[in-house]
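Commentary on secondary and tertiary structure
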Amino acid sequence: HFIKHSKVKPIVNVEKLWSLVSEKTRLYYKEHTEKAPVIDVLQHGYMKVTGKGQLPEQPLIVKARYFTKEAEVKIKAAGGVCVLTA
């Protein structure tokens, strides 16, 4: 079976992760630090998270198909978790 664009992986940088959730959600989790928001980048049309940019010191859970090593380091340094999805 021939699949066009089999190598295309839409990417999002770590600096853009918080733009995928609303400002209201971000402010809520800034106050309630015992919980962390779950950002599923696949639902927003991205597959890969890359490490460009800075991430605020606010924990978050990121679900994606692919992570670069730099992105994984930055997310974990902010207190977050990287979850691989199929």
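Within each chain, residue numbers correspond to sequence positions counted from 1 in written order. Only residues with pLDDT of at least 70 get local features here, since the model is predicted, and only at 80 or more are side-chain atom pairs given and counted; chain-wide, interface and lining totals rely on the full set of residues. Excluding hydrogens and water, the side-chain figures rest on all heavy atoms present in the structure.

**Brief notes about the overall build of the chain**
Quick note on the threshold: Elements are defined by DSSP. Helices are runs of H or I of four residues or more, strands are runs of E of two residues or more, and each kind is numbered from the N terminus. Whether a residue is buried, partly exposed or exposed follows from its accessible area with a 1.4 Å probe, protein chains only, as a fraction of its type maximum: under 20%, in between, or over 50%, in that order.
Secondary structure summary: the chain contains 2 helices and 6 strands in total. Start at the N end of the chain and walk to the C end: the helices and strands fall as β-α-β-β-β-β-α-β. Here the C-alpha coordinates of the chain stretch approximately 50 × 25 × 20 Å along the principal axes. Within the chain, the proportion of its 86 residues that are buried is 33%.

**Observations concerning the pattern of salt bridges**
Our working definition: Only one rule defines a salt bridge in this text: a Lys or Arg side-chain nitrogen within 4 Å of an Asp or Glu carboxyl oxygen.
Taken as a whole, this structure holds 4 salt bridges when the rule is applied. The partner of E23 in a salt bridge is R26, with the nearest N and O atoms 2.7 Å apart. Within this pair, E23 and its partner R26 are both found in helix 1 (residues 23-31), separated by 3 residues, close to a single helical turn. Its salt-bridge partner being E70, residue K74 comes within 3.5 Å of it at the nearest N-O pair.

**Here's the deal with the sheet that holds strand 6 (residues 81-84)**
In any sheet, the strands associate via hydrogen bonds between backbone groups, in a parallel or an antiparallel arrangement. Which entries qualify depends on this criterion: Two strands form a pair only when DSSP identifies at least two bridges running between them. Each axis is a line fitted through C-alpha atoms, taken for helices only over the stretch in contact, and angles between the N-to-C directions span 0 to 180 degrees.
With parallel pairing, the 3 strands of this open sheet are ordered in space as 2-4-6. Pairing within the sheet leaves two strands with one partner each, and these edge strands are strand 2 (38-40) and strand 6. Adjacent strand axes in the sheet meet at a mean angle of 20 degrees when their direction is disregarded. Relative to strand 4 (residues 61-64), strand 2 runs parallel, the two being bridged by 3 bridges. By the bridge assignment, D40 is partnered in strand 4 with K63.

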